[in-house]
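Below, each chain spelled out in residue letters.
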Amino acid sequence: MTIVRTVEAARTWAADRRRSGARLALVPTMGALHAGHLAHVQAARQRADAVALSVFVNPTQFGPGEDLERYPRDLDRDGALSAAAGVDLLFAPSPRDMYPGGQTGVAVDVGAVGTVLEGKHRPTHFRGVATVVCKLLAVFVPDIATFGQKDAQQVVVVRHVVREMLLPVEIVCIPTVRDPDGLALSSRNAYLTAEQRRAAPVLRRALLEAEAMVRAGERRGAAVEEVLRAVLSSERLAQTDYALAVSAEDLRPAVVLQGRILLVAAARFGATRLLDNTCLDVGPDGVSAALP
Ligand code: PAF
């Protein structure tokens with residue numbers, strides 16, 4: 001595995017691969033790699049000849065008072081895990097490399113899909129995500145790029161940006177990887193105290209209970225949301241930020257559940273906010289699991 005720190009070196013590596021006819025995959029990450037990220041690498045390997053993984057804690061997607069400073073960083077560990085997983089190139093740029101004009105330079109406005117759900121709690125978050133993703137796609141010009149289902153709104157936002165900016169890349173959504181008790185893997189799980197960690201799988205339990213209702217025939221979004229909220233509020237350590245049924249296409253409220261829908265929940269455990277979701281295809285003949 002090659003490690004490069006500059007945009008120029010990454011661009012040269014990607015251009016060489018493309019010139020030799022290789023199909024190129026990009027796995028964008030903020031590092032602190034876990035089994036969820038390694039599932040991205042595996043999926044990328046199956047779909048492409050060369051896999052690049054970026055490690056960049058992107059400052060513009062953090063709001064004031066968020067965890068930018070304390071976000072876990074360990075490039076040696078990320079490098080070892082990436083090499084073992086079969087990554088060909090690890091790209092670890094500095095903020096100055098990614099934002100040559102400073103962080104108040106050019107930014108990508110994502111419109112309405114970025115202002116709901118997470119966007120209400122983190123108003124500048126998706127502008128930062130969309131901006132850095134566009135930059136990474138401009139450096140690598142990959143055939144595919146992977147994004148995780150856990151951050152379902154991010155997948156919807158990135159697809160929207162790719163469509164609107166006419167970017168020639170396929171966005172591949174990778175299913176959430178979970179701990180045995182159901183908690184979705186996230187680098188932020190490391191912030192939880194032992195007691196909060198025990199409480200956190202309530203997110204998954206709430207979503208499974210809501211999903212069971214939909215599978216049993218419930219089609220009223222409000223009824224499903226009520227159950228989501230009730231299960232979440234049964235856990236003393238969970239403070240619900242939102243628990244909603246929305247369209248997986250555009251994140252609008254799903255008043256009647258039909259087509260591809262997302263049940264999404266965000267809750268705080270102390271100072272740590274965790275997200276989870278389930279995506280379902282609700283058709284006239286039944287309900288099946290789907291991806292955003
Ligand atoms: O999901 C993440 O880790 C980040 O939001 C991403 C896509 C790498 C952009 O910084």
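Position labels on residues start from 1 in each chain and follow its written sequence. Note on the predicted model: pLDDT of at least 70 is required for a residue's local features to be given, and 80 or more for side-chain atom pairs to be given and counted; whole-chain, interface and lining totals, by contrast, use all residues. Calculated side-chain values reflect all of the structure's heavy atoms, with hydrogen atoms and water omitted.

## Quick word on the site of the ligand
In these notes, residues near a molecule or strand are those with any non-hydrogen atom within 4 Å of it. Every residue near the ligand is listed here: Pro-28, Thr-29, Met-30, Asn-58, Gln-61, Val-132, Phe-147 and Gln-154. Within the side chain of Gln-154, one N or O atom sits 2.7 Å away from an oxygen atom of the ligand. Computed by Shrake-Rupley with a 1.4 Å probe, the accessible areas treat only the displayed protein chains as cover when residues are assessed. When the ligand is considered free in solution it has 290 Å² of accessible area, and contact with the protein chains removes 87% of it. Under this grouping Gly is polar, as are all residues other than the nonpolar Ala, Val, Leu, Ile, Met, Phe, Trp, Tyr, Cys and Pro and the charged Asp, Glu, Lys and Arg. Looking at side-chain class alone, the shell around the ligand contains four nonpolar, four polar and no charged residues. A 3.5 Å cut-off defines polar contacts: any pair of N or O atoms within that distance qualifies, except that in protein one atom must be a possible hydrogen donor and the other a possible acceptor, and neighbouring residues in sequence count only when both atoms are side-chain atoms.

## A short note on the pattern of salt bridges
Salt bridge, as used here: a side-chain nitrogen of Lys or Arg that lies within 4 Å of a carboxyl oxygen of Asp or Glu. Applying the stated criterion across every chain yields a total of 17 salt bridges. The salt bridge partner of Asp-88 is Arg-45, with a shortest N-O separation of 3.2 Å. With Asp-88 in the loop between α3 (75–85) and β4 (89–91) and Arg-45 in helix α2 (residues 35–47), this pair connects stretches of sequence that are 43 residues apart. Taken together, the salt bridges that share partners define one network made up of Glu-118, Asp-241, Arg-268 and Arg-273. Only DSSP runs of H or I reaching four residues or more are called helices, and only runs of E reaching two or more are called strands; each is numbered from the N terminus.

## Section: the packing of aromatic side chains
For any two aromatic rings, the description comes down to two numbers: the centre-to-centre distance and the angle of the planes. Pairing of aromatic rings covers Phe, Tyr and Trp, the last counted by its six-membered ring, and requires centre-to-centre distances within 6.5 Å; plane angles under 30 degrees mean stacked, over 60 mean edge-to-face, and any other angle means tilted. One pass over the full model with this rule turns up four aromatic pairs. Considering the side-chain rings of Phe-56 and Tyr-99, the 6.4 Å spacing of their centres and the 35° angle between planes classify their relative orientation as tilted. Placement of Phe-56 in the loop between β3 (50–55) and α3 and of Tyr-99 in the loop between α4 (95–98) and α5 (118–121) is noted, with a sequence separation of 43 residues between them. Residues Phe-56 and Tyr-99 agree in their burial class; the two are buried. With centroids separated by 5.6 Å and ring planes inclined at 70°, the aromatic side chains of Phe-91 and Phe-140 adopt a geometry described as edge-to-face. With Phe-91 in strand β4 and Phe-140 in helix α6 (residues 125–140), the pair connects residues that are 49 residues apart, well separated along the chain. Among the residues examined, Phe-140 registers a relative accessible area of 1% and is labelled buried. The rule is simple: take the accessible area with a 1.4 Å probe, protein chains only, and divide by the maximum for that residue type; under 20% is buried, over 50% is exposed, in between is partly exposed.

## Comments concerning the packing of helix α9 (residues 202–215) against helix α10 (residues 221–233)
Axes here mean lines fitted to C-alpha atoms, for a helix over just the part in contact, with angles spanning 0 to 180 degrees between N-to-C directions. Remark: α9 packs on α10, axes separated minimally by 9 Å, with the N-to-C direction vectors making an angle of 150°. Judged by the angle between their axes, α9 and α10 are roughly antiparallel. Judged by the twist between their axes, the crossing of α9 over α10 is right-handed. Along its contact with α9, which presents Val-202, Leu-203, Arg-205, Ala-206, Leu-207, Glu-209, Ala-210, Met-213 and Val-214, the element α10 presents Ala-223, Val-224, Val-227, Leu-228, Val-231 and Leu-232. Among the residues making up the contact of α9 with α10, the classes are represented as 13 nonpolar, no polar and two charged. Should an angle fall under 35 degrees it is called roughly parallel, over 145 degrees roughly antiparallel, and 65 to 115 degrees roughly perpendicular, with every other angle called oblique. By definition, turning the near helix anticlockwise from the far helix through less than a right angle yields a left-handed crossing, and turning it clockwise yields a right-handed one. Contacts are assigned to residue pairs that have any heavy atoms within 4.5 Å of one another.

## Topic: helix α1 (residues 7–19)
Take the number of residues in a helix, subtract one, and multiply by 1.5 Å to get its expected span. Taking 1.5 Å per residue, 13 residues should reach 18 Å; α1 reaches 18 Å between its end C-alpha atoms and fits that length. Along α1, the residues classified as buried are Val-7, Ala-10, Trp-13, Ala-14 and Ala-15.

## Describing the sheet that holds β4
For two strands to count as paired, DSSP must find a minimum of two bridges between them. Strand order in the open sheet made by the six strands is β1-β4-β3-β2-β5-β6, with parallel pairing throughout. Two strands close off the open sheet at either side, each with one partner strand: β1 (2–4) and β6 (170–174). Going across the sheet, the axis of each strand differs from the next one's by a mean of 25°, ignoring polarity. Relative to β3, strand β2 (residues 24–29) is paired through six bridges, and the arrangement is parallel.

## Regarding the pairing of strand β5 (residues 144–148)
Summarising burial for β5: five of the five residues are buried, a large majority. Going residue by residue along β5, you find Ile-144, Thr-146 and Gly-148 tucked away on one face and Ala-145 and Phe-147 tucked away on the opposite face as well. Note: β2 against β5, two bridges, orientation parallel. When the sheet's bridge partners are listed, Leu-26 is paired in β5 with Ala-145. By the bridge criterion, five bridges tie β5 to β6 in an arrangement that is parallel. If you follow Thr-146 over to β6, its bridge partner there is Val-172.

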